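Working through the structure, step by step
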Amino acid sequence: MKLVNTTIPSFSTTAFHNGSFVEVTDADTKGHWSVFFFYPADFTFVCPTELGDVADSYDELQRLGVEVYSVSTDTHFVHKAWHDASDTIGKIRYPMLGDASGAITNGFGVMREGMGLADRATFLVDPDGVIQFAEVTAEGIGRNAAELLRKVRAAQYVREHPGEVCPAKWEEGDDTLAPSLDLVGKI
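This is a predicted model, so every value here is computed, not measured. In this numbering scheme, every chain counts its residues from 1 along its sequence in written order. Given that the model is predicted, a residue must reach a pLDDT of at least 70 before its local features are reported, and side-chain atom pairs must reach 80 or more before they are shown or counted; all residues, however, enter totals for whole chains, interfaces and linings. Hydrogen atoms and water are omitted, and side-chain values are computed over all heavy atoms in the structure.

What follows concerns the sheet that holds strand β2 (residues 20–25). Strand order in the open sheet made by the seven strands is β2-β1-β5-β4-β3-β6-β7, with mixed pairing throughout. If you trace the sheet from one side to the other, it starts and ends with β2 and β7 (131–137), each paired once. Shown here is a sheet whose adjacent strand axes are inclined to one another by a mean of 25 degrees, direction ignored. Residues count as neighbours in contact if any of their non-hydrogen atoms are within 4.5 Å of one another. Throughout, an axis means a line fitted to C-alpha atoms (over the contacting stretch in the case of helices), and angles, computed between N-to-C directions, take values from 0 to 180 degrees. The numbering of helices and of strands both runs from the N terminus, where a helix is a DSSP run of H or I of at least 4 residues and a strand a run of E of at least 2. Across the sheet, helix α6 (residues 145–160) is in contact with β3 (33–38), β4 (66–72), β6 (120–125) and β7; its angle to β3 comes to roughly 145 degrees. Between any two strands, pairing holds if DSSP finds at least two bridges.

When two rings of Phe, Tyr or Trp (its six-membered ring) have centres within 6.5 Å they constitute a pair, described as stacked for plane angles under 30 degrees, edge-to-face for angles over 60, and tilted for the intermediate range. One pass over the structure, following the stated rule, counts 12 aromatic pairs. Measuring from ring centre to ring centre gives 5.2 Å for phenylalanine 21 and phenylalanine 77, while their planes differ by 80 degrees; the resulting arrangement is edge-to-face. One end of the pair, phenylalanine 21, is in strand β2; the other, phenylalanine 77, is in helix α3 (residues 76–85), and 56 residues separate them in sequence. For phenylalanine 21, a relative accessible area of 39% corresponds to the partly exposed category. For phenylalanine 77, a relative accessible area of 51% puts it in the exposed group. On the numbers, 5.7 Å between centres and 55 degrees between planes, the contact of tyrosine 58 with tyrosine 94 is tilted. Here tyrosine 58 is found in helix α2 (residues 58–63), whereas its partner tyrosine 94 is found in the loop between α4 (87–90) and β5 (96–98), with 36 residues between them in sequence. Exposed residues in this analysis have more than 50% of their type's maximum accessible area, buried residues have under 20%, and partly exposed residues fall in between, with area computed by a 1.4 Å probe over protein chains only. Look at tyrosine 94 and you get buried, because its relative accessible area is 1%. The structure contains a cluster of three or more aromatic residues connected by ring pairs, namely Phe11, Phe36, Phe38, Tyr69, Phe108 and Phe123. The rule for a charge over a ring is simple: NZ of Lys or CZ of Arg within 6 Å of the ring centre, and within 35 degrees of the ring normal. The aromatic ring of phenylalanine 37 is capped on one face by arginine 143, whose charged end is 3.7 Å from the ring centroid. The lysine or arginine in question, lysine 151, covers the ring of phenylalanine 133, its NZ or CZ lying 5.2 Å from the ring centre.

The structure is reproduced here in structure tokens:
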């Protein structure tokens with residue numbers, strides 16, 4: 001299923017966020033950048049390293065106007081228990097969405113068939129609710145928040161500068177490209 005350049009699915013769920021249970025819907029994502037960070041399960045091995053890495057980068061993501069929503073098929077109760085039990089997960093200040101029904105995970109197309117677990121997947125959603133990038137990795141391959149930040153900056157730059165694109169390894173402040181007939185075959 002191709003999701004890039006499509007609108008996120010509608011959803012409503014309960015999340016554990018800053019010590020409380022809160023309702024989160026797709027409407028909450030409108031008007032700002034969002035990262036949906038799917039992972040297989042709480043109380044596992046690679047997942048806390050990734051979630052902790054994102055937690056360490058959360059202030060920078062917030063400065064960029066990005067809200068993070070971690071999502072697994074665990075309940076919001078399990079998220080709270082994990083948050084209370086783990087120093088790494090205890091650092092998290094972004095909403096941890098419970099998706100016990102699998103509706104959000106299925107809506108993003110990252111449910112592992114027959115397992116009831118989400119794939120390790122990341123989606124960047126623009127302020128209009130349109131998915132700008134999607135990444136899915138195998139079970140044993142952890143993600144990197146520094147690369148996520150680079151991609152967020154590139155997506156924001158492209159949105160703010162129509163007619164320009166960010167080449168490979170682009171970092172904020174680097175040269176961009178303006179696709180044109182003159183560039184064909186010259187890169």
